[in-house]
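Okay, here's what each chain looks like letter by letter:
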Amino acid sequence: MRIAHSSRYLISAANSHSHRIRIVPLLPFPLSRSSTTTTTTTTTTLTQAPPLAPTTMASETDNLSTLPAANGNVVEDEKFGFRRPEMFTENLAGTVGAYDRHVFLCYKSPEAWPSKVEGSESDPLPKLLSSAVKARKNDIALKTNVTVYEGSEGTEFSDGDVLIFPDMIKYRGLKESDVDSFVEDVLVNGKPWASGVQEVFTGSHVFVCAHGSRDRRCGVCGPVLIEKLKEEIESRGLKNQVFVNACSHIGGHKYAGNVIIYSPAPDGKITGHWYGYVTPDDVPALLVQHIEKGEIITHLWRGQMGAAAEVGGKEDEHKLPNGDVKKNKKKKHEESGTQSKKEEVSGCCQGVNGFSCCKDGSLDQNGVIEKNLKEAVAHEKEQGKLSSWMGSWEQSDVLTALAVVGAVATVAVAYSFYRRSG
């Protein structure tokens, strides 16, 4: 595999914090556009999810011929790598399913992973862990993803080590015989594992899908991105702060390169964000904009841990992070329900033959409804029932009852006019 060295890149500086640095490789063939390109990227802080992108993604690298050829093979790259026609053609936001916790199991290397490493008979440890989590999913309070990652040489990770996000907890040396107790203690009961030593780890962790036996696109794009990430991390002095590893299939082969970043948000909370269509040109932005500044790169953003962005959903449903999204939707639902009840109370009725009771020269519908409501309330007070109902009902129940009374009164008025016009 041939990787272009960083010294073979031209750099165009941005004019403001809202611009990102573009790095364009020097290629041995002519470029159809200028060799130096400066573009603008919309950013959003990590404490909120970005709005949905348009249905057709517009790439900053709109001329794919400017991208470096993965593995030095232009023909292969046009089919599986960064030059393939499907790049930047789909909306990425909403392509990540909802989940609350991510468990990574260190096991061998991408070259040794079978197509379905979590279900392989020849690789019992990943299969046992994945199967145990699935079997206990009804007992596990948090929706949990399980992914295999590579424990490369020169790192502190080795086969059997388990990383848990967003807890930032690590256990070493999980064995096949320990899987059930690990799942029971840690994932089901939320306690420290009785058979292991709980460690806390820090830093930002980048996982790149390089599962080539599962999909060729990830196998071509993943290793190139990993090399570029390691190169940039080294040159920026981030070796002890940012860690990058290859991981197994995470879904969405067609969005390769696929990258997941777990890092602290500006408020210190650990967030997990997924990116797709990532190219070597985007690596500096991942390190500077996302990890250092806490800004989401919106045109590459697929989704985040703790929230599932619905494709085509309303923009304001994705403005709050993680669990707050549900609260926002609930609030909107309540507001919508209140509005509909108001409309029911004050809205028009449509009679037969096009006759409407909304407005009449001699009668104001709102006055009639108000009169009927007052009469109904007075009647209930006389019966001594309203006070007891008010004590036991919620406010929404009272509004609903009043809306029903109003609707009945409206129908009565309409029928009265119909009889008159008959």
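Before reading on, note that the structure itself is shown above.
None of these values were measured; they are calculated from a predicted model.

Draft legend 1. Quick look at the packing of aromatic side chains. All chains considered together, the criterion is met by 15 aromatic pairs. A centroid spacing of 3.9 Å and a plane angle of 10° characterise the contact between Phe-104 and Phe-207, whose relative ring orientation is stacked. Of this pair, Phe-104 sits in strand β4 (residues 101-106) while Phe-207 sits in strand β9 (residues 204-209); the two residues are 103 residues apart in sequence, bridging distant segments of the chain. Each member of the pair, Phe-104 as well as Phe-207, carries the same accessibility label: buried. For the ring pair Tyr-149 and Phe-207, a centre distance of 6.0 Å and an interplane angle of 80° mean the geometry is edge-to-face. With a gap of 58 residues between them, Tyr-149 in strand β5 (residues 144-149) and Phe-207 in strand β9 connect regions that are remote in the sequence. Across the pair, Phe-207 and Tyr-149 agree in class, each one buried. In this structure an aromatic cluster arises from ring pairing among Phe-104, Tyr-149, Phe-157, Phe-165, Phe-201, Phe-207 and Tyr-262.

Draft legend 2. Spatial organisation of the packing of helix α2 (residues 124-135) against helix α3 (residues 179-188). In the contact formed by α2 and α3, the axes pass within 9 Å of each other and the chain directions differ by 40°. Comparing their axes, α3 and α2 come out oblique. Like other packed secondary-structure pairs, α2 and α3 cross with a definite hand, here right-handed. Taking contact as the criterion, the partners of Leu-125, Leu-128, Leu-129, Ala-132 and Val-133 in α2 are, on α3, Val-179, Asp-180, Phe-182, Val-183 and Leu-187. A per-class count over the contact of α2 with α3 returns nine nonpolar, no polar and one charged.

What counts, and at which threshold
- Residues numbered from 1 in each chain as written.
- Predicted model: local features only at pLDDT ≥ 70, side-chain atom pairs only at ≥ 80, totals over all residues.
- Heavy atoms only, no water.
- Phe/Tyr/Trp six-rings, centres within 6.5 Å; stacked < 30°, edge-to-face > 60°.
- Helix = DSSP H or I, 4+ residues; strand = E, 2+ residues; numbered from the N terminus.
- Buried < 20%, exposed > 50% of the residue type's maximum accessible area, 1.4 Å probe, protein only.
- Axes fitted to C-alpha atoms, helices over the stretch in contact; angles between N-to-C directions.
- Parallel < 35°, antiparallel > 145°, perpendicular 65-115°, else oblique.
- Left-handed = near helix turned anticlockwise from the far one by under 90°.
- Contact = heavy atoms within 4.5 Å.
- Nonpolar A, V, L, I, M, F, W, Y, C, P; charged D, E, K, R; others polar.

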